[in-house]
Number of protein chains: 4
Amino acid sequence: MLGRGVWSSLRQGLSRGLSRKVGGWASGEGRKMDIAGIYPPVTTPFTATAEVDYGKLEENLHKLGAFPFRGFVVQGSNGEFPFLTSSERLEVVSRVRQAMPKDKLLLAGSGCESTQATVEMTVSMAQVGADAAIVVTPCFYRGRMSSAALIHHYTKVADLSPIPVVLYSVPANTGLDLPVDAVVTLSQHPNIVGIKDSGGDVTRMGLIVHKTGRQDFQVLAGSAGFLLASYAVGAVGGVCALANVLGAQVCQLERLCLTGQWEDAQKLQHRLIEPNTAVTRRFGIPGLKKTMDWFGYYGGPCRAPLQELSPTDEEALRMDFTSNGWL
Amino acid sequence: MLGRGVWSSLRQGLSRGLSRKVGGWASGEGRKMDIAGIYPPVTTPFTATAEVDYGKLEENLHKLGAFPFRGFVVQGSNGEFPFLTSSERLEVVSRVRQAMPKDKLLLAGSGCESTQATVEMTVSMAQVGADAAIVVTPCFYRGRMSSAALIHHYTKVADLSPIPVVLYSVPANTGLDLPVDAVVTLSQHPNIVGIKDSGGDVTRMGLIVHKTGRQDFQVLAGSAGFLLASYAVGAVGGVCALANVLGAQVCQLERLCLTGQWEDAQKLQHRLIEPNTAVTRRFGIPGLKKTMDWFGYYGGPCRAPLQELSPTDEEALRMDFTSNGWL
Amino acid sequence: MLGRGVWSSLRQGLSRGLSRKVGGWASGEGRKMDIAGIYPPVTTPFTATAEVDYGKLEENLHKLGAFPFRGFVVQGSNGEFPFLTSSERLEVVSRVRQAMPKDKLLLAGSGCESTQATVEMTVSMAQVGADAAIVVTPCFYRGRMSSAALIHHYTKVADLSPIPVVLYSVPANTGLDLPVDAVVTLSQHPNIVGIKDSGGDVTRMGLIVHKTGRQDFQVLAGSAGFLLASYAVGAVGGVCALANVLGAQVCQLERLCLTGQWEDAQKLQHRLIEPNTAVTRRFGIPGLKKTMDWFGYYGGPCRAPLQELSPTDEEALRMDFTSNGWL
Amino acid sequence: MLGRGVWSSLRQGLSRGLSRKVGGWASGEGRKMDIAGIYPPVTTPFTATAEVDYGKLEENLHKLGAFPFRGFVVQGSNGEFPFLTSSERLEVVSRVRQAMPKDKLLLAGSGCESTQATVEMTVSMAQVGADAAIVVTPCFYRGRMSSAALIHHYTKVADLSPIPVVLYSVPANTGLDLPVDAVVTLSQHPNIVGIKDSGGDVTRMGLIVHKTGRQDFQVLAGSAGFLLASYAVGAVGGVCALANVLGAQVCQLERLCLTGQWEDAQKLQHRLIEPNTAVTRRFGIPGLKKTMDWFGYYGGPCRAPLQELSPTDEEALRMDFTSNGWL
């Protein structure tokens, strides 16, 4: 496995030489924080009585710390953040900050429905140690979430955030795609450094890279299923649920892409598609957590209303891993 | 205009003689609380600095108190509840309870994403004076919200709620239709008294009435645009954003339906469709609040990220009222 | 059962006194052909070798002739028209004309993808005996089917058609809703007499009735599932797949609506929803034809790629009829 | 520019050494026809009076013959095939056969709604010179187009076709995605050689390549917007509307991908996304034909109901080309 230094070099080539800058706004020269790399979106472990199990959270992080991830995303969609209270959200971030290696990035999901609540949560996330904030699109009033409304929302958040902001578009959960024209406008904000795009539309991702080329704006794929294709069109990394269970493999795929070994990358990518779909769209967080149990992490139960998998679903989930040689 | 007693009689005929029972579970005889009638889903007024304006809220309620509504819905989708803190949600309900006439029902929206949070909010809503809870479907993980998950969620909430529960399906906001089979199962719970259905699919509404006929289960139309048709297939009332501005007309439509004056009802219904669409799907809460300003209520601003209407939109909104003779 | 004369009177009340006029354009007084009433959309019977079975077609029509239908729709979506050659389409219409009672209307589906082909098919349909043409929206290039394009299409067809034209919107098949503004514009054409709307959105249907009130423009519900609700908002009839098997019941529902017996209408409507869904959206034409076999008509096979029902589906189909007391 | 021989070599590397075989079933060794490469989906030129303009068709082909395309697709979605009569469809294919270079492939769209009509059209297409048939999914009864129905349809067509069959999934037009499990099953048919997939979901495309790896089954991207990403996940070519106007550039993108020059490929891909969207999803065939006029081909009018672009749309179309340096 390549050492940290080599990975950094590899990433710099791909990420257009962005200098890494952690913990604040872009520096005077107009450089934005470099967020290139792979991140697992950490799950939130619960006890049998549905309390947050901080001990298990730390254990998981120690195990995940062995892989050459760029960092961790806390409270992405896989973190069950809509089920956490505000204080739980902050406590989880705080614990992750303490448990994770110092040289990695902590990207914390701070999105709320109102702009004001999002600003407050973002500021608080920074205070408990987040390096950057990932801000999901508000969505309950999706019929009114025009480009103008979303630009207003993100601009306000970015203006007031002490840490860089990453846009987050996840239509499977929100029913809303952050429009390309809004992304392009927002990319010009000095405190907005990139987007996590989970929609899987690489034409759109390529266009975003193209139209934001002058802004040091970075695109992260929101899923391992289209990671190779995302690199091919100019993404610089990925936030991949699958990295919670196949961390080495997802990092290996990154390395193959960064070093131009596209044939091997393709073969590996192919074998990751079904497992990835299984722990995301097909079986959701219950599927991801069940798989974590299989791979030596603590998955455990979800908070209600998310339900455990049925035995039939569990069997299908297992098959998606065994048929591709991962179990 | 008809007096309260006559309205009650009219409603009883339609609502299959359900006896009204406020403030607790169904009585021993198996009768559920009668929720028949028209409800405006009250908006939440904000000051110029986006604070809740409780004074304006009370003024609006006093004005709305003049109409023969059955009661008020607080924190339906039009109440901007996703933008309120938990304490604001409770304070708003508490203020409405004090400001509204004693003989009317207060239905409070208590839905949250997690089952546990929904239970807690429902209990709290009861403590501050809600007569029943309207519980929207959780939706962020809509891909996992199977009938089984939703049945589990609502059963838990209804088991633990000190007040009757009304299901709430609003696919335009949630991207999720509460499945008919789940509704039918849930209708058998003694503490689940009905559903507010905002999807506008009257075939579905008729089927729900048909399949829940033995359960004293009541269907409320979630919008004035299909109110007449809903009565025709067996609904017993409606929660109508339009009733915030055309309260007399919506109540008049109810009366015409209950007394079988279908021709007049049809004419009135026709003139309400465009205004209703304007303050709901077309221009959303900003449109509703702007119209409230025109009709002598306090509409005021929305919380961000909801934006004010553009002058062009405002003109189109006005036209939807003037062309139908309401302005 | 009421006699023909009574039915006519009933309908005239509802259909705003439109005088019936068959076989040509609206007369000088500006009156459009009256199309009020119930129509079964006739299926096309095939032999075991997938030839059109004209004999069985005539037998079905003789049996259907016993009910007080206003007429027959030939080559609606249930007629498998996309599977017929042009000459088969015309021959089927010709045979139906000969087999059906003289005093009923024959509405023939003449829609094709191109405007030119639709014009030619419409003219040919008239020549073989159609009283009016039902013209489905072209849909393969739905992304370009703006209101302007559809207005142009229908205007051309109506200009050149020797018989009145009925618009036909069926989004479940076409993925396209004929926009209300296009319907309103087209309603002013003297040779466009109405719309068959199969979308099931009664708010939309009510708005269409409202906005076309001065044009003698008539709305037909495209399905029995929302027939009562459609009458309630101003429709004058329906084209109902279910009428192929429960003809008496659908006509009875019409009568109850026209005579204002809404309570009985509601009870009957409720019992028709599941059977209707079963023979339309749930099991499609294979379900409808299987049911026809049960009810004494000839259903028979569909043309490929439509497949026979599985035994499981057939059982579910039967249950939708038995549980409502129809089998 | 590379010569034909080099192109062939390049393609063979990528397309897993499939030997080219034109004009019949796979040979005894189980090899399927090699269809790797770039194809413009030829438009159908019409005169001012909407007649097919065969002369202009031939002129366009002569000009397109200058590029290193693998061949031509006739009567894909861009060919307005739903607007052509059966005899026009065949005549167009026949003329293209005569006008095009002998060493290129002619892939003819032969899809119809019924299985029987599709079989007949496929056989006829072969008789007038098609090398392979591209068969779009039937779609009018999409609610019944299960995997089983589609497998039955395509198996029948492939069994009876004298030329190899290419599956064709284009959800923007059909509202239907050919399910992956159906594709995998069909890939085992000796006369089904690949799929043209226009949906743009590269996760799906990668999975198809992965699951059909043992079948010599070839995937063609259905649009230039995701061509690079498609190559990256294992596609062997593309059918690209944009190749009708930017033929050299699309072929250049192919070459860069095949020779592993991914950085240059990415830059070129980026500049093709907006023009590609403009001539497909955004402005459709009217946009493509207008652009052909600008680039020295004959575009001309579409058949109705397709409408000409408005001046505003035409301006936006032009901007999508000029802003990327192509005009």
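Remember, it's a predicted structure, so these values are computed and weren't measured experimentally.

Time to look at the pairing of strand β8 (residues 218-221) of chain D. All names here are of chain D. The alternating pattern of β8 places Gln218 and Leu220 on one face and Val219 and Ala221 on the opposite face, and all of these are buried. When strand β7 (residues 192-197) meets β8, the two strands line up parallel, connected through 4 bridges. Residue Lys196 lies in a different strand from β8, and its bridge partner there is Leu220. Once you follow β7 into helix α8 (residues 202-211) and on to β8, the crossover reads as right-handed. Relative to strand β9 (residues 237-239), β8 runs parallel, the two being bridged by 2 bridges. When the bridges of β9 are listed, Ala221 appears paired with Gly238.

Attention now moves to the confidence of the model for chain A. Mean pLDDT over chain A stands at 93; residues scoring 70 or higher make up 91%. Two summary scores accompany this predicted model of the complex, namely pTM at 0.94 and ipTM at 0.93.

Another point: the interface of chain C and chain D. The interface of chain C with chain D comprises 34 residues on the first partner and 34 residues on the second. Of the roughly 2800 Å² buried between chain C and chain D, counting both surfaces, carbon and sulfur atoms make up 62%. Ranking the residues of chain C by area buried against chain D places C:Phe140, C:Tyr141 and C:Arg144 at the top, with a combined share of 29%. In this structure, the connection of chain C to chain D is made through 0 salt bridges. On the surface where chain C and chain D come into contact, there are 14 residue pairs in polar contact (both at pLDDT 80 or more).

What follows deals with the arrangement of the chains. Separated throughout, chain A and chain C approach each other most closely at a C-alpha pair spaced 18 Å apart. Of all C-alpha pairs spanning chain B and chain D, none lies closer than 18 Å, and the two are not in contact.

Relative to chain D, chain C is turned by 180° and slid 0.0 Å along the rotation axis, the superposed coordinates differing by an RMSD of 0.0 Å. This pairing of chains is accounted for by a two-fold axis. Closest to the rotation axis within chain C is the C-alpha of C:Gly175, separated from it by 3.4 Å.

Two residues of an α-helix separated by three or four positions point the same way, owing to the 3.6 residues in each turn. All names here are of chain A. Burial within helix α8 (residues 202-211) is extensive, with 8 of its 10 residues counted as buried. Here α8 has its buried residues at Val202, Thr203, Arg204, Met205, Gly206, Leu207, Ile208 and Val209. Between a side-chain oxygen at the N-terminus of α8 and the backbone nitrogen of Thr203 the separation is 3.1 Å; the capping residue is Asp201.

With that settled, the discussion passes to the UniProt feature "active site" (unreviewed entry) in chain A. Residue and element names in this part refer to chain A. Within the UniProt annotation, "active site" (unreviewed entry) is assigned to Tyr168 and Lys196. A maximum C-alpha distance of 4.8 Å among these annotated residues, which run over 29 residues, shows that they cluster at one spot. If you trace the backbone, Tyr168 turns up in strand β6 (residues 165-169). In this structure Tyr168 comes out as buried when scored by relative accessible area, which is 3%. With sequence-adjacent residues up to four places away left out, Tyr168 is seen in contact with Gly76, Ser77, Ile134, Val135, Val136, Thr137, Tyr154, Ile195, Lys196 and Ser198.

What follows is about the packing of aromatic side chains. All told, the structure shown has 26 aromatic pairs over all chains when counted by the stated rule. Each ring, one from D:Phe140 and one from D:Tyr141, has its centre 5.2 Å from the other, and the planes form 90°; the classification is edge-to-face. The buried category is assigned to D:Tyr141, whose relative accessible area is 7%. Among the aromatic residues, ring-to-ring pairing joins A:Phe81, A:Phe83, B:Phe140 and B:Tyr141 into one connected group. Note that D:Arg318 overlies the ring of D:Trp294, its terminal NZ or CZ placed 4.2 Å from the centroid.

So, how was this worked out
Residues numbered from 1 in each chain as written. Chains lettered and ligands numbered in written order. Predicted model: local features only at pLDDT ≥ 70, side-chain atom pairs only at ≥ 80, totals over all residues. Heavy atoms only, no water. Buried < 20%, exposed > 50% of the residue type's maximum accessible area, 1.4 Å probe, protein only. Helix = DSSP H or I, 4+ residues; strand = E, 2+ residues; numbered from the N terminus. Pairing = 2+ DSSP bridges. Right-handed = clockwise from strand over helix to strand, strands pointing away. pLDDT = per-residue confidence, 0-100. Contact = heavy atoms within 4.5 Å. Buried area = accessible area lost by both parts, 1.4 Å probe. Salt bridge = Lys/Arg side-chain N within 4 Å of Asp/Glu carboxyl O. Polar contact = N/O pair within 3.5 Å; in protein donor to acceptor, adjacent residues only side chain to side chain. Least-squares fit on C-alpha atoms with pLDDT ≥ 70 in both. UniProt positions renumbered as here; feature names shortened; annotations may be inferred. Phe/Tyr/Trp six-rings, centres within 6.5 Å; stacked < 30°, edge-to-face > 60°. Lys NZ or Arg CZ within 6 Å of the ring centre and 35° of its normal.

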